[in-house]
Amino acid sequence: QVQLVESGGGLVQAGGSLRLSCAASGRTFSSAAMGWFRQAPGKEREFVAAISWVGGVYADSVKGRFTISGDKVKNTVYLQMNSLKPEDTAVYYCAAGASYNYRDSARYAYWGQGTQVTVSS
């Protein structure tokens with residue numbers, strides 16, 4: 001049984017930083033992408049970043065501020081979020097298992113339960 005467990009969310013002031021972690025168990029994802037999506041109240045879930053064997057891809061809204069990385073030994077993916085803005089406030093979800101079209105949430109087979117990130121102004 002595959003499980004993704006996120007951690008690291010919280011409340012931070014605008015301009016601050018947080019690092020989210022997503023620990024995977026049940027299988028490894030060395031040949032598939034792992035990614036982060038987010039959903040703000042009243043909005044659609046949106047792509048944030050993904051990492052695969054070819055590297056990282058980012059949404060334009062977070063490029064230059066967020067960095068995605070992975071630890072194959074720990075089977076964990078991280079999202080370092082710097083220069084946070086109030087509009088980054090959302091529930092952040094870890095996803096895994098996409099083989100292509102990493103920006104499309106429908107391509108991911110596995111999802112975590114989400115972690116809340118709140119950025120105050």
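Quick note: structure is the one above.
Residues numbered from 1 in each chain as written. Predicted model: local features only at pLDDT ≥ 70, side-chain atom pairs only at ≥ 80, totals over all residues. Heavy atoms only, no water.

Can you help me understand the side chain of Arg38 in this one?
The topology assignment puts Arg38 in strand β4 (residues 33-39). For Arg38, a relative accessible area of 5% corresponds to the buried category. At 2.6 Å, the side chain of Arg38 and the side chain of Glu46 are in polar contact. Engagement of the side chain of Arg38 in a polar contact is seen with the side chain of Asp88, the distance being 2.9 Å. (Helix = DSSP H or I, 4+ residues; strand = E, 2+ residues; numbered from the N terminus. Buried < 20%, exposed > 50% of the residue type's maximum accessible area, 1.4 Å probe, protein only. Polar contact = N/O pair within 3.5 Å; in protein donor to acceptor, adjacent residues only side chain to side chain.)

Hey, could you run me through the layout of surface pockets in this one?
Remark: the empty space left among the atoms is shown by a probe the size of a water molecule rolled over them. Approximately 260 Å³ is the volume found for the largest pocket. What lines the largest pocket is a set of 14 residues, among which Phe29, Ser30, Met34, Gly70 and Lys72 lie closest to the centre. (1 Å grid on protein atoms, 1.4 Å probe; cavity = no way out; pocket = protein on both sides within 12 Å on 5 of 7 lines; lining within 4 Å. Points joined across faces, edges and corners; volume = space filled by probe spheres on them.)

What should I look at first to understand the state of the cysteines in this one?
Each disulfide is one covalent bond, formed between the sulfur atoms of two cysteines. Under the definition given, this model contains one disulfide. Shown here is the disulfide that connects Cys22 with Cys94, its sulfur atoms set 2.0 Å apart. Because the sign of the S-S torsion sets the handedness, a value of about -80 degrees for the bond joining Cys22 and Cys94 places this disulfide among the left-handed ones. Of this pair, Cys22 sits in strand β3 (residues 18-25) while Cys94 sits in strand β9 (residues 90-98), placing them 72 residues apart in sequence. For the pair formed by Cys22 and Cys94, the shared burial category is buried. (Disulfide = S-S within 2.5 Å.)

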